[in-house]
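# Coordinate inspection notes
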Amino acid sequence: MLFTQYYLDCLSQASYLVADETTRKAVIVDPRRDVAEYVSDAESQGLQIEGVINTHFHADFIAGHLELAERTGAWIGYGNRADTEYPIRELTDGERITLGDVTLEILETPGHTPESVSVVVYEHPEHDVPYGVLTGDTLFIGDVGRPDLLASVGYTSDELARMLYDSVHNKLMRLPDATRVFPAHGAGSACGKNISTERQSTIAVQRATNYACQPMERERFVDLVTADQSVAPAYFSYDADLNRRQRPLLDTDHVARELDPAAFLKARVDGATVVDARDPQEFAAGHLRGALNIPADGRFAETAGTVLSPAAPVVVLAPAGQGEQTAIRLARVGLDKVEGFLDDPQAVLRGATGEVERSSRVTADQLPDIVHAGGADILDVRNPGERANGSIAGSVHIPLGQLPDRLGDVPSERPLIVHCAGGYRSSVAASLLRANGWTGVSDLLGGYSAYQQAHDPACGG
């Protein structure tokens, strides 16, 4: 057997190639939209990609099933509850897909979404113990998939959580202890709340250490998996729907054009949103008025999907040499209206006389004096689970994922200081507020972590 895990750090997303060494037949599971790596690997090893399986309708990225089918002629497989605009192979519980000796068995595992499946991988069909199981978003390392996403139209989170209980406890936990667990996401993904940094595990380890896999009644499980979930990024429902549709294919060679400074500034004047992907400190030192700061060094695509509309035209001001890759990262989450990029920020700033501004940043040491003097309001853009572990007294709480739809709830009478956990999301939020007319907006350097370190005796401050 040939088995490869592909891991995309910025989306905490895992996809897989499974192939038989003798027949050279391969299947790709949960591919991302830019599929060149899978095709190149298959060609270099003399493999024929015969099938593409999506374990469910992904909400956090656009899957590459259509691109792979176009390039390889592969069939596209989903659980038989899936409803798509393109032809699919409907996969049923217990069905076996033979690649040669290597055999894939389908388990219907609804709960994260109704159509979710897991793929059990056998090196040889007669083996009692599988090599592993590709669990999609049903079972993570240390967690299970959240049952409350808008991807599951027509089902309540309670109904899905009950399905998830059966999938985890009555199907996956009945696999042999030595079965390896390969999920579709790792730590940082918004598809779960307690996902480990580990990229594989075993059924035995998950049974012993995963809170959701402990013996418990169904009602207790439902309560646990529906509590304290983070706010889902705004683009999740859009991507889940697009993954059902016969959408345009991604051409990574022409995903966006490189612009010169004049063309970049003209696109801005014509209404394109400027996404400035530089570090927050560089952005603060000088940026185009109205630009959104979404740093490339971080969860760039997910954050962009949180604050940008898929229908809005965008131009990207990228760090040196990262322009084209930044545009591809946006396309991975369905943000396809990128009119162009420029990866020489200083060239644009030099040519934009009167349109460049600095942004204010406040240190943790400065914050108490400003607040005690009644000189500012504080906006906390962390998720509810983060805030439950501590907050700054008097702060207003609006998670970043809700901020674009709750601008009317943001204080506007006094200067505003925005904070998150470490400083990434607060720079995004502060730039979004400035772009929507707020003045006197600062973000907190180092976020709540710096504040806690400086002012909480328990942390040494």
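Everything here concerns the structure above.
As a starting point, this report considers the structure included with it. Quantities reported herein were computed from a predicted structural model and do not represent experimental measurements.

When you line up the elements, D20 lands in the loop between β2 (13-19) and β3 (25-29). No salt bridge is formed by the buried D20, whose closest oppositely charged neighbour, R24, lies at an N-O distance of 7.0 Å. A distance of 3.0 Å separates a polar side-chain atom of D20 from the backbone nitrogen of T23.

The next point concerns the side chain of R33. Inspection of the secondary structure puts R33 in the loop between β3 and α1 (36-44). Within polar-contact distance, the side chain of R33 engages the backbone oxygen of A331 at 2.8 Å. The residues contacting R33, other than those within four sequence positions of it, are I62, A63, G64, E67, R247, P248, L250, A331, G334 and D336.

As a further point, take the pattern of salt bridges. On inspection of all chains with the given rule, the structure shows 29 salt bridges. Between R32 and E37 there is a salt bridge; the shortest N-O distance is 2.7 Å. E37 gets classed as partly exposed once you look at its relative accessible area, which sits at 36%. Across the pair E355 and R289 runs a salt bridge, and its minimum N-O distance is 3.5 Å. Of this pair, E355 sits in the loop between α11 (345-350) and β20 (356-357) while R289 sits in the loop between β16 (287-288) and β17 (292-293), and the two are 66 residues apart along the sequence. On the accessibility criterion, R289 (39% relative accessible area) is partly exposed. Via salt bridges that share partners, R32, D34, E37 and R332 belong to a single interconnected network.

Time to look at the sheet that holds strand β8 (residues 103-108). Pairing is mixed in the open sheet, where six strands are placed in the order β7-β8-β9-β10-β13-β14. The open sheet has two edge strands with one neighbour each: β7 (96-98) and β14 (201-202).

It is worth spelling out unusual backbone geometry at this point. The residue R24 is not glycine, and still its phi comes out positive at about 65°. Examined against the element boundaries, R24 turns out to sit in the loop between β2 and β3. Unlike most non-glycine residues, D30 shows phi in positive territory, near 55°. In this fold, D30 is placed in the loop between β3 and α1.

Let's shift gears to the packing of aromatic side chains. Per the counting criterion, the structure on display carries eleven aromatic pairs. Relative to Y16, the ring of F3 lies with its centre 5.7 Å away and its plane at 40°, an arrangement referred to as tilted. Note that F3 is positioned in strand β1 (residues 2-8) and Y16 in strand β2, a separation of 13 residues in sequence. According to the relative accessible area criterion, Y16 is buried, its value standing at 1%. Ring geometry for Y165 and F221: centres 5.4 Å apart, planes at 75°, overall edge-to-face. A residue pair is termed long-range when its members are at least 10 positions apart, and Y165 in helix α3 (residues 157-169) and F221 in helix α5 (residues 218-226) qualify at 56 residues.

Procedures and definitions
Residues numbered from 1 in each chain as written. Predicted model: local features only at pLDDT ≥ 70, side-chain atom pairs only at ≥ 80, totals over all residues. Heavy atoms only, no water. Helix = DSSP H or I, 4+ residues; strand = E, 2+ residues; numbered from the N terminus. Buried < 20%, exposed > 50% of the residue type's maximum accessible area, 1.4 Å probe, protein only. Lys, Arg positive; Asp, Glu negative; His and termini not counted. Salt bridge = Lys/Arg side-chain N within 4 Å of Asp/Glu carboxyl O. Polar contact = N/O pair within 3.5 Å; in protein donor to acceptor, adjacent residues only side chain to side chain. Contact = heavy atoms within 4.5 Å. Pairing = 2+ DSSP bridges. Phe/Tyr/Trp six-rings, centres within 6.5 Å; stacked < 30°, edge-to-face > 60°.

Honestly, that's just the spatial picture; any functional story needs more than this.
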